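Observations on chain architecture
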Amino acid sequence: MLAVIQLLLVLACLYYGARRGGVALGVISGIGLAILVLIFQMKPGSPPTTVIYIIIAAVTTAGILQAAGGMDVLIQIAERFLRKHPARITFLAPYCTFFLTVLCGTGHVVYTLMPIIADISLKNGIRPERPVAVSSIASQVGITCSPIAAAVVAFVTMSSSNNSPVSILQVLAVTWPACMIGIFFAALYSSRRGKDLADDTEYQTRLADPDIKEYMFGETITTLDKKLPKSAKLSVLLFSFALILIGLFAIFPELLPAYGDPAKTIKMSLVIQIVMLLIGGLILLICRVKPTDVVQGTVFQAGMVAVVAIYGIAWLSDTYFGTYIGTMKEAINVMVQAAPWAFAFALFGVSVLINTQGGTVLAVMPLGFSLGIPVAVLVGILPSVYGYFFIPNYPSDIAAMNFDRSGTTKIGKYLLNHSFMIPGLISVVISCTIGYFWAQVII
């Protein structure tokens, strides 16, 4: 009974912190941690310092890239591509948002592209809900496919500490094809969802109002008229070089210094931090980036908020699960042995609650390793850590609804029948299904 009360306390802290948003998730988790340790006298777990260091390094470099104009370069490339193929925007736009997230390690880089997607579709007679909703989903799906995203870094670090090491490249070799296929089927569904604009009475009513019509069609949203310095393109090249360098070291660890003992090769967690700080420093100096511009950017701010959230979530969860892991093993071991893929439901459910993929990995995945679930299974179901589309309160989904001036992307009458639900479910279910079987082959 005491364990249940303590679990409810943990869930209450996570839920209330997620509802408040921002750093609240981390510090309210700290309240729960203090109660568990000081009142219930639980042995405190360990904060995920290695993961946090990597996230700080990656977020700092991505923030410098944004301040140098590199993000604008990527957005312009995506916009040119979409404007050349407007009729296929429902299929192409989600892959644009997906790859932006993969490159930068955060879904918060797509806000500039979202209004462009809505604008192109509306002015080409395509129901904006179709590309906008699935593009918002794809922007978050890309997190488990990014070599510098918190969820991937946390999983790889955790696998090593649980004597089931997998590399970042092995994880990406599973998540990339699985998630890209999942996005395709989500886009395929989206391409025919809802009524065409000509048959949508609600849209036609809005269109009949001159003021609303002017609001929808009076302005073309674009980034192509923005002139960027040459240093912005250089910053993208340098950032891309960092990702390539990390990949090369992962493939050829013999290139790393071993300090005279091959068994003591420097860890990849340190390599990622060193490379990210190196490239961040080079972009800062060569592209003449102002440090104040870095900390004022949305990428840096969102990333640092994520660090605080992950810090609190992981420490609170590790404290609770560390105390009751033996009891939990006995309770659910039979189920997991019969259907190890069912662990995906636990990951998905926690993600719905706490709105962070990296935090979900750190909070729940240790239980998966402790239960003896094969690492190939855990890699295969990794896309299930994205469940926070279920309740449409995540910033990217809210922004997507606001950017769609036609009003077709929306929350339904019954809250859960919103524009993101079915594309999200299709993407996650198909990604996990393909990932589950594909991981058995390559891991």
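This write-up is about the structure you can find in this document. This is a predicted model, so every value here is computed, not measured.

Brief notes about helix α8 (residues 150–161)
Its twelve residues place the ends of α8 16 Å apart at the C-alpha level, agreeing with the 16 Å of an ideal helix rising 1.5 Å per residue. Buried residues of α8: A150, A151, V152, V153, A154, F155, V156, M158 and S159, and no others. N163 lies just past α8 and shows a positive phi near 60°.

A few points about the nonpolar core
Counting 139 residues, the largest nonpolar core has F155, F343 and M365 as the members making the most contacts within it. A per-element tally of this core places helix α15 (residues 298–338) first, with twelve residues. Not counting residues within four places of it along the chain, the set of residues in contact with F343 comprises V364, M365, L367, G368, L371, I373, L378 and I381.

Considering the packing of helix α3 (residues 49–67) against α8
Running from N to C, α3 and α8 cross one another at 145°; their axes reach a closest spacing of 10 Å. Seen along the crossing, α3 lies across α8 with a hand that is right-handed. Where α3 abuts α8, its residues T50, V51, I54 and I55 lie against A150, V153, A154 and T157.

A word on the environment of D404
Within the secondary structure, D404 is located in the loop between α19 (395–403) and α20 (421–442). Residue D404 is classed as buried on the basis of its relative accessible area, which comes to 4%. Placed 62 residues apart in sequence, D404 and A342 show a C-alpha to C-alpha distance of 36 Å. Ignoring sequence-local partners within four residues, the contact set of D404 consists of A118, P128, E129 and T409. Separated by 2.5 Å, the side chains of D404 and S406 make a polar contact. Side chain to side chain, D404 and T408 meet in a polar contact 2.7 Å long.

Let's talk about the pattern of salt bridges
Applying the stated criterion across every chain yields a total of ten salt bridges. For R127, the salt bridge goes to E129, with nearest N and O atoms at 2.8 Å. The exposure class of R127 is buried, given its relative accessible area of 7%. R127 is the salt-bridge partner of D200, the closest N and O atoms lying 2.6 Å from each other. Of this pair, D200 sits in the loop between α9 (168–190) and α10 (201–208) while R127 sits in the loop between α6 (113–122) and α7 (129–141), placing them 73 residues apart in sequence. R127 shares its class with D200; the two are buried. Among the ionic contacts, a cluster of salt bridges with common partners joins E79, R83, D119, K123 and R405.

Thoughts on the packing of aromatic side chains
Aromatic ring pairs are defined here through the distance separating the ring centres and the angle between the ring planes. Using the criterion set out here, one finds 16 aromatic pairs in the structure. Between Y320 and F321 the ring centres are 5.7 Å apart and the planes differ by 75°, which places this aromatic pair in the edge-to-face class. On the numbers, 6.2 Å between centres and 90° between planes, the contact of F348 with F390 is edge-to-face. Taken together, the residues F348 in helix α16 (residues 343–354) and F390 in the loop between α18 (375–380) and α19 connect sequence positions 42 residues apart. An aromatic cluster is present here, built from F348, Y386, Y388, F389, F390 and Y394 joined pairwise through their rings.

Details of the environment of V429
With respect to the secondary-structure elements, V429 resides in helix α20. A relative accessible area of 49% places V429 in the partly exposed class. Separated by 45 residues in sequence, V429 and S384 place their C-alpha atoms 7.8 Å apart.

Some details on the side chain of Q76
Within the secondary structure, Q76 is located in helix α4 (residues 70–84). Take Q76: its relative accessible area is 7%, and that puts it in the buried class. Within polar-contact distance, the side chain of Q76 engages the backbone oxygen of K226 at 2.8 Å. Other than its neighbours up to four places away in sequence, Q76 contacts T223, L224, K226 and L228.

Focus: the layout of surface pockets
Taken as a whole, the largest pocket encloses approximately 650 Å³ of empty space. Taken together, 36 residues line the largest pocket, and the ones lying closest to its centre are H108, A302, A306, N355 and Y394. Of all the elements, α15 adds the most residues to the lining of the largest pocket, at seven residues. Looking at the lining of the largest pocket, its residues break down into 22 nonpolar, 13 polar and one charged. Roughly 540 Å³ of internal volume is contained in the second largest pocket.

What counts and what doesn't
Residues numbered from 1 in each chain as written. Predicted model: local features only at pLDDT ≥ 70, side-chain atom pairs only at ≥ 80, totals over all residues. Heavy atoms only, no water. Helix = DSSP H or I, 4+ residues; strand = E, 2+ residues; numbered from the N terminus. Expected span 1.5 Å × (residues − 1). Buried < 20%, exposed > 50% of the residue type's maximum accessible area, 1.4 Å probe, protein only. Core = buried A, V, L, I, M, F, W, Y, C linked by side-chain atoms within 4.5 Å. Contact = heavy atoms within 4.5 Å. Axes fitted to C-alpha atoms, helices over the stretch in contact; angles between N-to-C directions. Left-handed = near helix turned anticlockwise from the far one by under 90°. Polar contact = N/O pair within 3.5 Å; in protein donor to acceptor, adjacent residues only side chain to side chain. Salt bridge = Lys/Arg side-chain N within 4 Å of Asp/Glu carboxyl O. Phe/Tyr/Trp six-rings, centres within 6.5 Å; stacked < 30°, edge-to-face > 60°. 1 Å grid on protein atoms, 1.4 Å probe; cavity = no way out; pocket = protein on both sides within 12 Å on 5 of 7 lines; lining within 4 Å. Points joined across faces, edges and corners; volume = space filled by probe spheres on them. Nonpolar A, V, L, I, M, F, W, Y, C, P; charged D, E, K, R; others polar.

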